[in-house]
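A look at the structure
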Amino acid sequence: MTLDIATSLIHHPYRPPADFDAPQPGVHKASTVFFPNVAALEAREWRDKSGYTYGLHGTPTTFILEERLATLEGGLQCLLVPSGLAAIACVSLSLLQAGDEVLLPDNVYGPSKALAEAELKALGIGWRLYDAMDPASLEAALSERTRLVWLEAAGSVTMEFPDLPRLAAICRARGVLSALDNTWGAGLAFDPFRLDEAGQGVDLTIHALTKYPSGGGDVLMGSIVTRDEALHMRLKMTHMRLGIGVGANDTEAVLRSLPSIALRYDAQDAAARVLAGWLTDRPEVAAVLHPALAGSPGHAHWQALCGARDRAAGIFSLVFQPSFSRAQVHAFCDALRLFRIGYSWGGPISLVVPYDISGMRDPGVTRWSHPGTLVRLCIGLESVEDLRLDLAQALATLAPKR
Ligand SMILES: *Cc1c(COP(=O)(O)O)cnc(C)c1O
């Protein structure tokens, strides 16, 4: 059969040999995956990694990233989703049904509360807040209906580090699944599946790959890691039914950054601690909230869990003296030149965001004692001295003009 050029460009005979090997894995893009015949189509198992069925069920590119992330977090199975928040939603929608209750720490990643208040509530799923710094508060919030407890370390924006091994143990003792938002620890600061000496940990982790694994501020992705095949399959079925797969180019971007994650994590950690320490001594600053800093909320828990590896994420918050108005603190943020105003973290560029904590915490659950305005800093990969000088010049704009 002589084919038209349009057809021969598509049905082309050249096939690359299978032995190509190079530092970066290939970018396999597919919605459709071919089967050699109908028997193979009917026999194909899509639930494990024994074959390829459809792009949504995985490609060589996504399977490689899944395996590497499971290794990073000390798990055995991994699912990829289009964002960190999609990972949170997938877990809650998979493991909860009408009549169940889910518990969230009051200092949880904010949009997680919004999901509970809107979609979960509309499905008849109840939710309650607990104080992550008070294990008795978790005990009291657990009920016959609790099916899932979310954990986060350090807490969002206010950076409290909870007694994670104890909180996970409370969930285990009550037979309730525990899910950790592991974005801060990133699989590097501590082992979420082995939190105590008995080698026990949480049941699953989610990770906003958007942060450290991407490292570029240019990709949105999330993961769900487990160590239990049955739990993984429950999550995988929901993942499949919701149709929340990831694109090959985004996957490749994360694979490209992953080999340097420990170097970047440690560099941003070291720079953040220098700047946090320096800010502690500044008269404009009432408090620096960084779990590796003595005096920060939960420092002893950080020390117990992460002290041996001496690792913390390069993100922390400072609270200004209450004598500075909100407008003055906003002017400080605007005066920064290297720190850009924007959400997220773990990328090359340092970021700043002011927060009004009063509207973010339930006064019946958390006692927030700082009257001043809070600013969160995410440290990038710039020279730490340049960042310090930038903070200094912006702080100088707060001084009364003579
Ligand atoms: C950013 C973040 C998320 C959400 O990740 P997205 O990819 O932005 O949806 C969840 N949890 C934590 C702790 C985060 O920092």
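Rules of the game
Residues numbered from 1 in each chain as written. Predicted model: local features only at pLDDT ≥ 70, side-chain atom pairs only at ≥ 80, totals over all residues. Heavy atoms only, no water. Domains from an automatic or database assignment. Contact = heavy atoms within 4.5 Å. Buried area = accessible area lost by both parts, 1.4 Å probe. 1 Å grid on protein atoms, 1.4 Å probe; cavity = no way out; pocket = protein on both sides within 12 Å on 5 of 7 lines; lining within 4 Å. Points joined across faces, edges and corners; volume = space filled by probe spheres on them. Helix = DSSP H or I, 4+ residues; strand = E, 2+ residues; numbered from the N terminus. Nonpolar A, V, L, I, M, F, W, Y, C, P; charged D, E, K, R; others polar. Phe/Tyr/Trp six-rings, centres within 6.5 Å; stacked < 30°, edge-to-face > 60°. Buried < 20%, exposed > 50% of the residue type's maximum accessible area, 1.4 Å probe, protein only. Lys NZ or Arg CZ within 6 Å of the ring centre and 35° of its normal. Salt bridge = Lys/Arg side-chain N within 4 Å of Asp/Glu carboxyl O. Expected span 1.5 Å × (residues − 1). Pairing = 2+ DSSP bridges. Polar contact = N/O pair within 3.5 Å; in protein donor to acceptor, adjacent residues only side chain to side chain. Near = heavy atom within 4 Å. Areas by Shrake-Rupley, 256 points an atom, 1.4 Å probe, with all protein chains shown as cover. Sits in = over half its atoms within 2 Å of the grid points.

The subject of this paragraph is the domain arrangement of the chain. Domain boundaries assigned for the chain yield domain 1 (38-259) and domain 2 (260-396). In this structure, domain 1 and domain 2 have C-alpha centres spaced 26 Å apart. Contact with domain 1, which involves 39 residues of that partner, is made by 38 residues of domain 2. When domain 1 packs against domain 2, the two sides together hide about 3200 Å² of surface, and 62% of this comes from carbon and sulfur.

The next subject is the layout of surface pockets. Taken as a whole, the largest pocket encloses approximately 590 Å³ of empty space. Counting only elements with at least two residues in the lining of the largest pocket, the list comes to α4 (84-95), α5 (110-122) and β6 (204-208). Along the lines of polarity and charge, the residues of the lining of the largest pocket split into 18 nonpolar, eight polar and six charged. Residue-level mapping places the lining of the largest pocket at the junction of two domains, with at least three residues from each of domain 1 (38-259) and domain 2 (260-396).

This brings us to the packing of aromatic side chains. If you walk through the whole model with that rule in mind, you get seven aromatic pairs. Here Phe161 and Trp184 contribute two aromatic rings whose centre-to-centre distance is 5.4 Å and whose plane-to-plane angle is 65 degrees, an arrangement assigned as edge-to-face. With a gap of 23 residues between them, Phe161 in the loop between β4 (146-152) and α7 (164-173) and Trp184 in the loop between β5 (177-181) and β6 connect regions that are remote in the sequence. Seen from their ring centres, Tyr212 and Tyr265 are 4.7 Å apart, and the 50 degrees between their planes marks the pair as tilted. Here Tyr212 is found in the loop between β6 and β7 (222-226), whereas its partner Tyr265 is found in helix α10 (residues 261-280), with 53 residues between them in sequence. Grouping residues by exposure puts Tyr212 and Tyr265 together as buried. Taken together through their ring pairs, the aromatic side chains of Phe161, Trp184 and Phe190 make up a single cluster. Against the face of Phe63 rests Lys49, its NZ or CZ located 5.2 Å from the ring centre.

Our focus in this paragraph is the pattern of salt bridges. Inspection of every chain in the model, using the stated rule, returns 17 salt bridges. One salt bridge connects Glu66 with Lys49, and the closest N-O pair in it is separated by 2.9 Å. Highlighted residues: Glu66 in helix α3 (residues 60-72) and Lys49 in the loop between α2 (38-43) and α3, separated in sequence by 17 residues. Exposure remark for Glu66: the relative accessible area of 10% places this residue in the buried category. For the salt bridge of Asp266 with Arg311, the shortest nitrogen-to-oxygen distance reads 2.8 Å. Note that Asp266 is positioned in helix α10 and Arg311 in the loop between α11 (299-306) and β9 (315-320), a separation of 45 residues in sequence. Overall, Arg311 belongs to the buried group, its relative accessible area being 18%.

Before going further, it helps to spend a moment on α3. Between its first and last C-alpha atoms α3 spans 18 Å; for 13 residues at 1.5 Å apiece the expected length is 18 Å, and the two agree. Among the residues making up α3, those that are buried are Thr61, Thr62, Phe63, Leu65, Glu66, Leu69, Ala70 and Leu72. Taken together, the buried residues of α3 touch β1 (77-81), β6, β7, α9 (248-257) and α10.

To continue, consider the sheet that holds strand β10 (residues 340-341). Taken together, the five strands give an open sheet; going across it, the order is β8-β9-β12-β11-β10, and neighbouring strands pair in mixed fashion. Here the strands that pair on one side only, and so sit at the sheet edges, are β8 (285-289) and β10. Where strand β11 (residues 351-355) meets strand β12 (residues 374-378), five bridges bridge the pair, whose relative direction is antiparallel. If you follow Val352 over to β12, its bridge partner there is Leu377.

This part covers the side chain of Thr183. Summarising the element assignment, Thr183 is placed in the loop between β5 and β6. Of the polar contacts made by the side chain of Thr183, one reaches the backbone nitrogen of Ala208; its length is 3.0 Å.

It is worth spelling out the site of the ligand at this point. Around the ligand lies a shell formed by Ser83, Gly84, Leu85, Tyr109, Glu152, Asp181, Thr183, Ala208, Thr210, Lys211, Leu220 and Trp345. One of the side-chain nitrogen or oxygen atoms of Lys211 is found 2.5 Å away from an oxygen atom of the ligand. Between the ligand and Trp345 there is a distance of 3.1 Å, counted from an oxygen atom to a side-chain nitrogen or oxygen. Considering the ligand on its own, with 380 Å² of exposed area, one finds that the protein chains cover 88% of that surface. More than half of the atoms belonging to the ligand lie within 2 Å of the grid points that define the largest pocket. By residue class, the composition of the shell around the ligand is five nonpolar, four polar and three charged.

Tracing the sequence through the fold places Asn107 in the loop between β2 (101-105) and α5. Classification of Asn107 by relative accessible area gives buried; the value is 6%. At 2.8 Å, the side chain of Asn107 forms a polar contact with the side chain of Glu160. Aside from chain neighbours lying at most four places away, what touches Asn107 is Ala132, Glu152, Gly155, Ser156, Thr158, Glu160 and Arg361.

Burial runs high along β7: five of the five residues are buried. Across the two faces of β7 the burial is the same, with Gly222, Ile224 and Thr226 and Ser223 and Val225 all buried. Of the pairings in the sheet, the one linking β1 to β7 comprises five bridges and is antiparallel in character. For Val81, the partnering residue across the bridge sits in β7 and is Gly222.

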